[in-house]
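Letter by letter, the chains look like this.
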Amino acid sequence: MRSFLSALFRSRAGLFGFVLVLLFIAGALLAPYLGLPSPTRSSLASRMVAPTWSGIFSPGAHPLGTDELGRDILSRILHGSRTTLLIAAGAVILGGVLGTLLGIVAGYYRGMVDRVLMRIVDIQLALPLMLLALLVVAAIGPSTQNLVVVLALTSWLRYARIIRGQVLALREREFILSAHAIGAGTWRIMIKHLLPNVMTPVLVIATLELARIIIMDAALSFLGMGVQPPSPSWGRMLADGRVYITTAWWIVTFPGLAILFTVLSVNLLGDWLRDYFDPKLRSAR
């Protein structure tokens, strides 16, 4: 841990991404306890109030302004981040578990099992993933649970392909051959010996996939296929506010910045993790 933190503090980009990720997670967790107005409470008397920092701590203050229905934008961004991060984290975990297990199975068994699984990956990668997600959501209906499942189905492919390549190299190593020699079972070898040795690439893929899924979730919400009103979501805020972009720029600007900085921070952290765990780059340092 000391070596990890020392390397992190030496990287400006990695540290910047790490701090931003922590801030977004803290904002999502603490949103209900910050004393902000309800994200769904409308007030037509306060509609499209411009951002102001005067009296920011006074009751009824709107530091990021209000939208066309008088709802506080800061409150909606923070509460919307809870939904966005929940969906993204759920999709990353589900897709990561599925893709990692299938990648290990394909790389370990090889033969027909490998060919069938990799052809499924090739077929799905040949389809536009956004269009596939739209079709599935339209068929089963938009909800938080359905979005997690749909986005996970678009992310397991990268895990499976990369982990399969890792396992193909690992299965010929001495410790795997030794496990075979002492009579270890197939699942014991895959879970106890192969899985721990592929967790580093899994972690890096998960970090990079998190940013992509946040973008896809915002895009689905923008198109009306994401989290449904009255629950706030960043994509829906962009869709609702685009009509007022010339008269109330803050309605779309701040949700857009939230998406921008969240994806940027996750990408920076993911790039640093990839470099940190790369043995060639570590030896060069």
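Structure first, text after, so check above.
Small disclaimer: the values here were computed from a predicted structure and weren't measured. (Residues numbered from 1 in each chain as written. Predicted model: local features only at pLDDT ≥ 70, side-chain atom pairs only at ≥ 80, totals over all residues. Heavy atoms only, no water.)

A. Geometry of the overall build of the protein. Along the backbone of the protein there are 13 helices and zero strands. In terms of principal-axis extent, the alpha carbons of the protein reach across some 75 × 50 × 30 Å. In the protein, buried positions account for 42% of the 285 residues. A fraction of 73% describes how many contacts in the protein between residues 6 or more apart in sequence connect residues 24 or more apart. Accessible area of the protein: about 14,700 Å², with a carbon and sulfur share of 68%. Distance between charge centres in the protein, computed from 25 positive and 13 negative side chains, equals 5 Å. (Helix = DSSP H or I, 4+ residues; strand = E, 2+ residues; numbered from the N terminus. Buried < 20%, exposed > 50% of the residue type's maximum accessible area, 1.4 Å probe, protein only. Contact = heavy atoms within 4.5 Å. Areas by Shrake-Rupley, 256 points an atom, 1.4 Å probe, with all protein chains shown as cover. Lys, Arg positive; Asp, Glu negative; His and termini not counted. Charge placed at Lys NZ, Arg CZ, Asp CG, Glu CD.)

B. Looking closely at the layout of surface pockets. What the largest pocket holds in volume is close to 340 Å³. Along its surface, the largest pocket is lined by 17 residues, and Val21, Ile25, Leu85, Ala89 and Leu210 are the ones closest to its centre. Looking at the lining of the largest pocket, the elements that each hand over two or more residues are helix 2 (12-30), helix 3 (73-109), helix 10 (199-222) and helix 12 (250-277). Grouping the constituent residues of the lining of the largest pocket by class yields 14 nonpolar, three polar and no charged. There is about 270 Å³ of room inside the second largest pocket. Forming the boundary of the second largest pocket are 15 residues, of which Phe24, Leu74, Ile77, Leu78 and Ala258 lie nearest the centre. Those elements that place two or more of their residues in the lining of the second largest pocket are helix 2, helix 3 and helix 12. (1 Å grid on protein atoms, 1.4 Å probe; cavity = no way out; pocket = protein on both sides within 12 Å on 5 of 7 lines; lining within 4 Å. Points joined across faces, edges and corners; volume = space filled by probe spheres on them. Nonpolar A, V, L, I, M, F, W, Y, C, P; charged D, E, K, R; others polar.)

C. Just a nonpolar patch on the surface, in detail. A cluster of nonpolar side chains, contributed by Ile93, Val97, Leu101, Tyr109, Val113, Trp187 and Ile191, occupies part of the molecular surface with about 670 Å² of accessible area. When residues of the nonpolar patch are traced back to their parent elements, those giving at least two are helix 3 and helix 9 (186-197). Broken down by element, the nonpolar patch gets its largest block of residues, four residues, from helix 3. Checked against the element boundaries, tryptophan 187 lands in helix 9. (Patch = residues over 30% accessible without salt bridge, like charges linked within 9 Å, V, L, I, M, F, W, Y side chains within 5 Å. Salt bridge = Lys/Arg side-chain N within 4 Å of Asp/Glu carboxyl O.)

D. A look at the side chain of serine 11. Mapped onto the elements, serine 11 comes out in the loop between helix 1 (2-10) and helix 2. A relative accessible area of 17% places serine 11 in the buried class.

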